[in-house]
4 protein chains.
Amino acid sequence: MSLTPEEVQAVIWAGLPQAREQGLIIEQGDGGSIRARQPFDEKTIRPGGTISGPTMMGLADAAMYAAILSRLGRVEMAVTQNLNINFLSRPEPADLIADVEIIRLGRRSAVLEVRLYTVGNENMVAHVTGIYALPAGEEKR
Amino acid sequence: MSLTPEEVQAVIWAGLPQAREQGLIIEQGDGGSIRARQPFDEKTIRPGGTISGPTMMGLADAAMYAAILSRLGRVEMAVTQNLNINFLSRPEPADLIADVEIIRLGRRSAVLEVRLYTVGNENMVAHVTGIYALPAGEEKR
Amino acid sequence: MSLTPEEVQAVIWAGLPQAREQGLIIEQGDGGSIRARQPFDEKTIRPGGTISGPTMMGLADAAMYAAILSRLGRVEMAVTQNLNINFLSRPEPADLIADVEIIRLGRRSAVLEVRLYTVGNENMVAHVTGIYALPAGEEKR
Amino acid sequence: MSLTPEEVQAVIWAGLPQAREQGLIIEQGDGGSIRARQPFDEKTIRPGGTISGPTMMGLADAAMYAAILSRLGRVEMAVTQNLNINFLSRPEPADLIADVEIIRLGRRSAVLEVRLYTVGNENMVAHVTGIYALPAGEEKR
């Protein structure tokens, strides 16, 4: 039922045109955690040379969705219900990495945690928790 | 010290290229609250005809920044510290409206609330609270 | 189906021994919003003479539950799924007031907002949003 | 500058009467992370035999404060600015454990994560993130 990283990426690129345009890559995933990478794009830069907040929020949201696909298969109707982000330090102009952990998977919703980094820097740039509502009847633990 | 809606929009367009590209408009603002409008753009559509979550998060973030500029003047180094969003209903393909209220303005931070709607529909599509860190020494109540 | 403030208070006192001990009062409620009051208690004081954070979180949580009971009737299995609180100013040693608004009521969950004050002071002391999960099959819009 | 678990517990018991009454114990702490334990108390039980939400929120808040004391020493004026909690599963009637990690320590604020468990059960019962505001001039990285 679960999907490989390549399958997850294909589902996301088909369903989220913004993710495809931005070149979102699913690097790893084993059903409980996943790593996504957002290649650096000049257009996401804010004054001061840092990556914009909405870029980080968009990556976190897509990466949580990827983790759910990886675990549950094609639950394309899963939708974000809540997202809480703490911005920690200004990201350098570099690829962004999102490490996602599913911290609870219930029948009706999933709770996830995302830690965001820039490539080559061990300081976390943002920390996210989110709730995804799962479609009724599609839950497959 | 406070700025008019037109001045706020000019500061935002100068500083946030994404906001300028997306045509973000500051419609009203009186120093304590503000209304921003995100014109509809086909590129922000998700399967099912709804507007993407990151589009709503980006609008909420820019609108909170606009409310701070409107109240405090050119505090360009204000940065988002926390953003919490609850998605309430799927937005129709239409202009998004963000109504922002500053619920507390302290010396070091501001707490804001944003209610998101689509034009012509009274159902709230998302509810946001956020914390902006204010630059030391620039606080002007 | 909806309950009067007196009925809501009786359900809460029967089900939440802590609320009964603390003397939580439901002052008003009309199915969409509710006001709860937490009488002042010396035991909730922190050094500096301010009311403790957990006291405010407990009141907000009980008041959200009260708003759901007021609107939906006896959905005793409703449970808090998420609570996000921003502390705004130190509350004086006085009764706490919680004004709750149901901002979305869905089949499976409700999203609520709570504004906390102390009696006789117009400055908000804390702002809360929360998600309550509603028991399957009990939803009654 | 940092404190031992015993010193942290003494500061908390002196400053937070509720924590002393509830017998909060600081079990471990090394300046970057800490473990706190809330002994089981019949009074915190909700109908259904589960521990109340406010009990978990209170423990998380006190444990975050303990982690800051452990790292920075006696910054007694540190105050909670934001707390976001996701309730994951109903805790059994047993001691609660809070594992805290400081995920960012800045000059003006700290961001922390707390994972709550009951003793002898590996399922997380709640996940918390929080922001503590640090007193100006006391920051010591």
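Residues numbered from 1 in each chain as written. Chains lettered and ligands numbered in written order. Predicted model: local features only at pLDDT ≥ 70, side-chain atom pairs only at ≥ 80, totals over all residues.

Asks: Please explain the interface of chain B and chain A as it appears in this structure.
Replies: Reports often express the size of an interface as the amount of accessible area lost when the parts come together. Taken together, the contact pairs 22 residues of chain B with 22 residues of chain A. Pairing geometry for strand E5 (residues 79–87) of chain A and strand E5 (residues 79–87) of chain B, over five bridges, is antiparallel. Within the sheet, the bridge partner assigned to Leu-83 of chain A lies in E5 of chain B and is Ile-85 of chain B. (Contact = placed C-beta atoms within 7 Å. Pairing = 2+ DSSP bridges. Helix = DSSP H or I, 4+ residues; strand = E, 2+ residues; numbered from the N terminus.)

Asks: Just checking my understanding: could you explain the packing of helix H3 (residues 53–72) of chain C against helix H3 (residues 53–72) of chain D for this structure?
Replies: Between two packed helices, both the angle of their axes relative to each other and the distance between the axes serve to describe the pair. Contact pair H3 of chain C / H3 of chain D: the axes reach a minimum separation of 9 Å and the direction vectors enclose 150 degrees. In terms of orientation, H3 of chain C and H3 of chain D fall into the roughly antiparallel class. For the pair H3 of chain C and H3 of chain D, the sense of crossing is right-handed. Across the interface between the two elements, Gly-53, Pro-54, Met-57, Gly-58 and Asp-61 of chain C from H3 of chain C touch Gly-53, Pro-54, Met-57, Gly-58 and Asp-61 of chain D from H3 of chain D. Across the contact of H3 of chain C with H3 of chain D, the residue classes break down as four nonpolar, four polar and two charged. (Axes fitted to C-alpha atoms, helices over the stretch in contact; angles between N-to-C directions. Parallel < 35°, antiparallel > 145°, perpendicular 65-115°, else oblique. Left-handed = near helix turned anticlockwise from the far one by under 90°. Nonpolar A, V, L, I, M, F, W, Y, C, P; charged D, E, K, R; others polar.)

Asks: Before we go on, may I ask you to explain H3 of chain C in this structure?
Replies: At 3.6 residues per turn, the α-helix brings residues three or four places apart onto the same side. For H3 of chain C, built from 20 residues, the straight-helix expectation of 28 Å at 1.5 Å per residue is met to within 8% by its first-to-last C-alpha distance of 29 Å. Of all 20 residues making up H3 of chain C, 20 are buried, and the element is well covered by its neighbours. (Expected span 1.5 Å × (residues − 1). Buried ≥ 20, exposed ≤ 12 C-beta atoms within 10 Å, placed from the backbone.)

Asks: Is there a simple way to explain the relation of the copies chain C and chain A in this structure?
Replies: Mapping one chain copy onto the other needs a rotation about an axis and a shift along that axis. Taken as rigid bodies, chain C and chain A are interconverted by a rotation of 180 degrees and an axial shift of 0.0 Å, the fit giving an RMSD of 0.0 Å. Taken together, the rotation and translation relating the two chain copies correspond to the operation of a two-fold axis. Looking at chain C, 100% of its interface residues are interface residues in chain A too, so the copies touch through the same face. (Least-squares fit on C-alpha atoms with pLDDT ≥ 70 in both.)

Asks: Any chance you could explain the relation of the copies chain B and chain A here in plain terms?
Replies: Note on the identical chains: chain B maps onto chain A by a rotation of 180 degrees and an axial translation of 0.0 Å, with an RMSD of 0.0 Å. Both copies contact each other with a shared surface, as 100% of the interface residues of chain B are interface residues in chain A too.

Asks: Before we go on, may I ask you to explain the sheet that holds strand E6 (residues 96–105) of chain D in this structure?
Replies: Neighbouring strands of a sheet are bound in pairs by backbone hydrogen bonds; such pairs are parallel or else antiparallel. Across the sheet, 12 strands lie side by side as E1(C)-E2(C)-E6(C)-E7(C)-E8(C)-E5(C)-E5(D)-E8(D)-E7(D)-E6(D)-E2(D)-E1(D); this open sheet has antiparallel pairing. Edge positions in the sheet fall to strand E1 (25–29) of chain C together with strand E1 (25–29) of chain D, since each has one partner strand and no second. Strand-to-strand twist in this sheet, taken as the mean axis angle between neighbours without regard to direction, amounts to 20 degrees. As paired strands, E1 of chain D and strand E2 (residues 33–38) of chain D are joined by four bridges and run antiparallel to one another. Counterpart to Ile-25 of chain D in the pairing with E2 of chain D is Arg-37 of chain D.

Asks: Looking at this structure, how should I read the packing of helix H1 (residues 5–15) of chain B against helix H3 (residues 53–72) of chain B?
Replies: All names here are of chain B. Close contact between H1 and H3 brings their axes to 9 Å; oriented N to C, the two are set at 130 degrees. Of the possible angle classes, the one that applies to H1 and H3 is oblique. Relative to H3, H1 is oriented so that their crossing is right-handed. When H1 is examined against H3, the residues Val-8, Val-11 and Ile-12 are found in contact with a partner set consisting of Ala-62, Tyr-65, Ala-66, Leu-69 and Ser-70. For the contact of H1 with H3, the residue count by class is seven nonpolar, one polar and no charged.

Asks: Is there a simple way to explain the pairing of strand E7 (residues 109–118) of chain A in this structure?
Replies: Sheet faces and side chains relate simply in a regular strand, where the side chains alternate between the two faces. Residues and elements named next belong to chain A. Counting buried positions along E7 gives eight out of 10 residues, so the element sits mostly inside the fold. The pairing of strand E6 (residues 96–105) with E7 spans nine bridges and is classified as antiparallel. Each residue of the ladder has a partner; that of Ile-97, found in E7, is Tyr-117. Connecting the antiparallel pair E6 and E7 is a turn made up of three residues. Where E7 meets strand E8 (residues 126–133), eight bridges bridge the pair, whose relative direction is antiparallel.

Honestly, that's just the spatial picture; any functional story needs more than this.
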